[in-house]
Amino acid sequence: IVKLAGYLGLRRGEICGLRWENIDFRKKVLSVRLARTTAGGTVVEKPPKTPNSLRSLGFAGLEDLERLLRRTREEQRAAVCAGLAEDTGFVLADRRGRPWNPNQVTRAMEAFVEVNGLPPITLHGLRHTFASVANSAHIPLPDISRALGHKDVVVTGRVYTHIFDQTHVEAVSAVARSIRGA
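Figured I'd write up the structure that's included with this text. This is a predicted model, so every value here is computed, not measured. (Residues numbered from 1 in each chain as written. Predicted model: local features only at pLDDT ≥ 70, side-chain atom pairs only at ≥ 80, totals over all residues. Heavy atoms only, no water.)

Concerning the pattern of salt bridges
Thought 1: Taken as a whole, this structure holds twelve salt bridges when the rule is applied.
Thought 2: Of the charged contacts, one joins glutamate 66 and lysine 28 as a salt bridge, the two residues approaching to 2.8 Å between their closest N and O atoms. With a gap of 38 residues between them, glutamate 66 in helix α3 (residues 63-81) and lysine 28 in the loop between β1 (23-24) and β2 (29-32) connect regions that are remote in the sequence.
Thought 3: On the basis of relative accessibility, which here comes to 10%, the residue glutamate 66 falls in the buried class.
Thought 4: Of the charged contacts, one joins arginine 36 and glutamate 45 as a salt bridge, the two residues approaching to 3.2 Å between their closest N and O atoms.
Thought 5: We classify arginine 36 as buried; its relative accessible area is 6%.
Thought 6: Accessibility expressed as a relative area gives 46% for glutamate 45, which makes it partly exposed.
Thought 7: One continuous salt-bridge network, built from bridges that share partners, spans Arg11, Glu14 and Arg55. (Salt bridge = Lys/Arg side-chain N within 4 Å of Asp/Glu carboxyl O. Helix = DSSP H or I, 4+ residues; strand = E, 2+ residues; numbered from the N terminus. Buried < 20%, exposed > 50% of the residue type's maximum accessible area, 1.4 Å probe, protein only.)

Overview of the environment of arginine 19
Thought 1: Counting through the fold element by element, arginine 19 comes out in the loop between α2 (12-16) and β1.
Thought 2: For the pair formed by arginine 19 and alanine 131, sequence separation is 112 residues and the distance between their alpha carbons is 24 Å.
Thought 3: Beyond its immediate sequence surroundings of up to four residues, arginine 19 is in contact with Leu34, Thr88, Gly89, Phe90 and Val91.
Thought 4: Polar side-chain contacts of arginine 19 include one of 3.0 Å to the backbone oxygen of threonine 88. (Contact = heavy atoms within 4.5 Å. Polar contact = N/O pair within 3.5 Å; in protein donor to acceptor, adjacent residues only side chain to side chain.)

Printed below as a string of structure tokens:
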């Protein structure tokens, strides 16, 4: 959950809706095609938030994420072969193969933060972290916006990217170098 949100900027519903058929290990691409969310206590499956949210994200270079996904898939297959679980096709499934309730995902994130003594952060906060780290790495805002599945680059820039102190130093230093060079 943490790696999917932190490395790829996925929403909770996108993580819950992720199916094995949407992961191409050969090409190292994950496609967002389904969201699972709750409405009035009922789990609802639907297309992602906006048409822009239908996207494919590469995970080449994220070996730890790939290992985790492969191990999870093998564990699920073994449980199905042993007759202990059904194959529902969802990446996030319990021991019997049933997809997690999105509220379980939120509780799991809260427990992870508490057990590891981390500063308070929500699953959605990891989307902001993804955007901010990408921005700090000088990834163009339109690319960050597309990765997050946003319709509007302005929302990505105004709401999701937070400037780290180092970014201010880089901006001031760049201006100073330009002025000195002129």
